[in-house]
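Here is what each chain is made of, one letter per residue.
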Amino acid sequence: MLVTVTRAVSPLLPFCQRLLPDLPGLPGRLTGISLTLLKATALEIAILAGHLLLYPSGIVQERRSAPVLPSPQPSPDAADRCGPPGPRPSPPTPQLPSGTSLPVVLLHGFIDNRSVFLFLRRSLAQHGRHQVESLNYSPLTCDIRTGAELLGRHIEEICARTGSDRVDVVGHSLGGLIARYYVQRLGGDTRVRMLVTLGTPHTGTRVVPLANAHPIVRQMRPGSAVLEELALPSPGCRTRFVSFWSDLDRVMDPLETACLNHPDLSVENVRVSGIGHLALPVHPAVATGIRQALDTTVPADGKKDRADGLTVA
């Protein structure tokens, strides 16, 4: 398989040299990194092609149903009890059992939809996370604040429907910023136990200047009013953050913008090596890292970076 990928992408090497002139070490150290870079590029192209095929399936909001919860059982002598005739009191609202994992909300990136999470939600379901829901926000959304308000209403509906007091959220790219705004600026830390971000431009990205025509892209630029709001103090924030960032993510400029650093937030930054931006929500190794993060029950002591990271090349 490795030989096949290498032969298939070798003709692209001169093109990558011209396309990525700012990559550290090119062309002097190109030999040492070309294989990893080309494999990641080939994977990004394959994922993009597959996602274009799946995209129509995610345009419509998913159907939502209440989880199957155990019904309260009457005591054996209930039928023998005497009492005045009349209507009986309504049974209490079903609640999730104490050992049940929290609902997980998936939030896609810019001009995307819920289909990007097909493989991640399958992985979560296979490992016991059965209450997983995706939220589509319109590609015409022009303000991160508006998306955050929509997310807040969606989470309140989930909590009311499932009986859970809190949820976990996974956001890819722009989705991570929308979720972070909800947590930090709209009081969402009372509802979100953990926020996992994948390739999210926490301090802004300078990639593709021509995209500034879209207002929400301008909000993702360094120094924007929204990012300045997110940099404000957030004392007592109860949400724990895990940020996955990739050393080959060409949508992040600079790469470190996908790391979350805030003095008031409990953060773990996880470096992923060998894949690009589009692969973050679909790669099995990243899915494993997400599951491990969501399964963490011990509160974090503060900011930290995972020393080993994830290597998937």
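Conventions adopted
- Residues numbered from 1 in each chain as written.
- Predicted model: local features only at pLDDT ≥ 70, side-chain atom pairs only at ≥ 80, totals over all residues.
- Heavy atoms only, no water.
- Salt bridge = Lys/Arg side-chain N within 4 Å of Asp/Glu carboxyl O.
- Helix = DSSP H or I, 4+ residues; strand = E, 2+ residues; numbered from the N terminus.
- Buried < 20%, exposed > 50% of the residue type's maximum accessible area, 1.4 Å probe, protein only.
- pLDDT = per-residue confidence, 0-100.
- Contact = heavy atoms within 4.5 Å.
- Expected span 1.5 Å × (residues − 1).
- Axes fitted to C-alpha atoms, helices over the stretch in contact; angles between N-to-C directions.
- Parallel < 35°, antiparallel > 145°, perpendicular 65-115°, else oblique.
- Nonpolar A, V, L, I, M, F, W, Y, C, P; charged D, E, K, R; others polar.
- Left-handed = near helix turned anticlockwise from the far one by under 90°.
- Polar contact = N/O pair within 3.5 Å; in protein donor to acceptor, adjacent residues only side chain to side chain.
- Pairing = 2+ DSSP bridges.

Undergrad: Tell me about the pattern of salt bridges, and please be specific about residues and values.
TA: Per the stated rule, a full pass over the model turns up 13 salt bridges. Its salt-bridge partner being Asp 253, residue Arg 206 comes within 3.5 Å of it at the nearest N-O pair. Pair noted here: Arg 206 is in the loop between strand 4 (192–198) and helix 7 (215–218) and Asp 253 is in the loop between strand 5 (240–246) and strand 6 (266–273), with a separation of 47 residues, a long-range link. Judged by relative accessible area, which is 27%, Asp 253 ranks as partly exposed. Measuring nitrogen to oxygen at the nearest pair gives 3.0 Å for the salt bridge that ties Glu 268 to Arg 240. Placement of the pair is Glu 268 in strand 6 and Arg 240 in strand 5, with a sequence separation of 28 residues. You can call Arg 240 buried: its relative accessible area is 10%. Connected via shared salt-bridge partners are Arg 129, Asp 168, Arg 193 and Asp 295.

Undergrad: If you had to explain the confidence of the model for the protein to someone new, which residues and values would you point to?
TA: With 71% of its residues at a pLDDT of at least 70, the protein reaches an overall mean of 80. Counting interchain partners and residues more than four positions distant, the pLDDT-below-50 stretch residues 68–98 has 15 contacts.

Undergrad: Now, about the environment of Phe 110: what can you tell me, with residues and values included?
TA: Take Phe 110: it is sitting in the loop between strand 1 (104–107) and helix 4 (118–126). Classification of Phe 110 as partly exposed rests on a relative accessible area of 28%. Once the C-alpha coordinates of Phe 110 and Gly 175 are considered, the two residues, 65 residues apart in sequence, prove to be 7.5 Å apart. Setting aside its immediate chain neighbours within four residues, Phe 110 contacts Tyr 137, Leu 174, His 214, Ile 216 and Val 217.

Undergrad: Tell me what's going on with helix 6 (residues 174–185), and back it up with residues and numbers.
TA: Here helix 6 is 12 residues long and its end C-alpha atoms lie 16 Å apart, about the 16 Å a rise of 1.5 Å per residue gives. The element helix 6 is extensively covered by neighbouring structure, given that 11 of its 12 residues are classed as buried. Regarding helix 6, the residues found buried are Leu 174, Gly 175, Gly 176, Leu 177, Ile 178, Ala 179, Arg 180, Tyr 181, Tyr 182, Val 183 and Gln 184. Gly 187, located one to two residues past helix 6, shows a positive phi value of around 75°.

Undergrad: Describe the packing of helix 5 (residues 144–162) against helix 6, with residues and values.
TA: For the pair helix 5 and helix 6, the least separation of the axes is 8 Å and the interaxial angle reads 70°. One element, helix 5, and the other, helix 6, form an angle in the roughly perpendicular class. Across the interface between the two elements, Ile 144, Arg 145, Gly 147, Ala 148, Leu 151, Gly 152, Ile 155 and Glu 156 from helix 5 touch Leu 174, Leu 177, Ile 178, Ala 179, Tyr 181 and Tyr 182 from helix 6. Of the residues that constitute the contact of helix 5 with helix 6, the class distribution is 10 nonpolar, two polar and two charged.

Undergrad: Could you give an account of the packing of helix 4 against helix 9 (residues 284–294), naming the residues involved and the relevant values?
TA: Orientation of helix 4 relative to helix 9, taken along the N-to-C sense of each, is 50°, at an axis distance of 10 Å. The orientation of helix 4 with respect to helix 9, classified from their angle, is oblique. Remark: the crossing between helix 4 and helix 9 carries right-handed chirality. Residue-level inspection shows Leu 120, Ser 123 and Leu 124 of helix 4 in contact with helix 9, the latter providing Ala 287, Ile 290, Arg 291 and Leu 294.

Undergrad: Quick one: what's the story with the side chain of Ser 234, residue by residue and with numbers?
TA: You can see Ser 234 is positioned in the loop between helix 8 (225–230) and strand 5. Only 2.9 Å separates the side chain of Ser 234 from the side chain of Gln 184, close enough to count as a polar contact.

Undergrad: Please provide a residue-by-residue account of the pairing of strand 4, values included.
TA: Strand 4 sits mainly inside the fold: seven of its seven residues count as buried. Both strand 3 (residues 167–172) and strand 4 contribute to a ladder of six bridges, which runs parallel. Looking at the pairing, His 172 lines up with Leu 198 of strand 4. Across five bridges, strand 4 lies against strand 5 in parallel orientation. Within strand 5, the residue paired with Leu 195 across the bridge is Phe 241.

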